[in-house]
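# Tertiary structure, described
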Amino acid sequence: MKNYENVVIFNHPLIRHKIAILRDEKTSMKEFRELVEEITTLMTYESLKDGVPTTEIEVKTPLETCTQTVVADNSIVIVPILRAGLGMVNGIHVLFPLAKVGHIGMYRDEATLIPETYYCKLPQGIENKLVMLVDPMLATGGSACDAIQLLKDKGCKHIKFMAIIGAPEGVSKVAETHPDVNIYVSTLDRCLNENGYILPGLGDAGDRLFGTK
Ligand code: PRP
Ligand code: URA
């Protein structure tokens, strides 16, 4: 895959360790859910190191009053792509408990792999916030591209997209379609199979999170 200025592939050893367990078909639904949350928290920490919205507050220590910089919790909106993106929400809420959550519902048509949008509910004022769009799987890139376009059509200007596992074709597609969006992927897998599943991947993230298979 080409190098893209707007793409960061973490390859962090702690995240790689957790992804190894996540991939294992014997990993239970409970453990899968917990791992997705933990990985998301680590990814959020890394993806925001270039800047988190902050605000100044006055703090009175036992000795004097000083001005301190704190995270502006409510300047971030989390937007999961349903269903599997839901599994990543708590991983960000651990760091930003006051972040509002918007939802974009999409499913891929199994034959064409083209995403269909079936739901969209976003918090008011989202256009001025930093939007953290999340989905564990970036396969063909169709869902992410459409979700980003939907957010842009609603006026969002600052969007970061986080996926746990990416396929090269999907990462390239999102990077090229939306060069103004920062894309964070924990690990880049080999390719897609004939059904649009990531190899080696982890299977269907939604089914593994919610026990639907
Ligand atoms: C999965 C996944 C992404 C999408 C990725 O969702 O969670 O949203 O596929 O594929 P793409 O990059 O080729 O668009 P799916 O459509 O299976 O819906 P689900 O989360 O409800 O299971
Ligand atoms: N969606 C998934 O859940 N898994 C894949 O491998 C591809 C798309």
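It should be emphasised that the depicted structure is a prediction, and the values quoted were computed from it without experimental measurement. (Residues numbered from 1 in each chain as written. Chains lettered and ligands numbered in written order. Predicted model: local features only at pLDDT ≥ 70, side-chain atom pairs only at ≥ 80, totals over all residues. Heavy atoms only, no water.)

This part covers helix α3 (residues 86–93). Listing the buried residues of α3 in full gives Gly87, Met88, Val89, Gly91 and Ile92. Tucked into the core, α3 has its buried residues touching α2 (29–47), β4 (76–82), β5 (100–101), β8 (130–134), β10 (158–166) and α6 (205–210). (Buried < 20%, exposed > 50% of the residue type's maximum accessible area, 1.4 Å probe, protein only. Helix = DSSP H or I, 4+ residues; strand = E, 2+ residues; numbered from the N terminus. Contact = heavy atoms within 4.5 Å.)

Attention now moves to the site of ligand 2. In the vicinity of ligand 2, the contacting residues are Arg108, Met137, Ala139, Gly196, Tyr197, Ile198, Gly203, Asp204 and Ala205. In the environment of ligand 2, an oxygen atom lies 2.8 Å from a nitrogen or oxygen atom belonging to the backbone of Ile198. Residue Gly203 places a main-chain N or O atom 2.8 Å away from a nitrogen atom belonging to ligand 2. Across the complex, the protein chains shield 88% of the 230 Å² of accessible surface that ligand 2 would expose by itself. Here the shell around ligand 2 is composed, by residue class, of five nonpolar, two polar and two charged. (Near = heavy atom within 4 Å. Polar contact = N/O pair within 3.5 Å; in protein donor to acceptor, adjacent residues only side chain to side chain. Areas by Shrake-Rupley, 256 points an atom, 1.4 Å probe, with all protein chains shown as cover. Nonpolar A, V, L, I, M, F, W, Y, C, P; charged D, E, K, R; others polar.)

Using the criterion set out here, one finds ten salt bridges in the structure. Notably, a salt bridge pairs Glu34 with Lys30, separated by 2.9 Å at the nearest N-O pair. Note that Glu34 and Lys30 are positioned in helix α2 at a spacing of four residues, about one turn of the helix. A salt bridge links Lys49 to Glu46; the nearest nitrogen and oxygen atoms lie 2.9 Å apart. Residue Lys49 is classed as exposed on the basis of its relative accessible area of 64%. Salt bridges sharing partners connect three or more residues here, namely Arg83, Asp204, Asp207 and Lys213. (Salt bridge = Lys/Arg side-chain N within 4 Å of Asp/Glu carboxyl O.)

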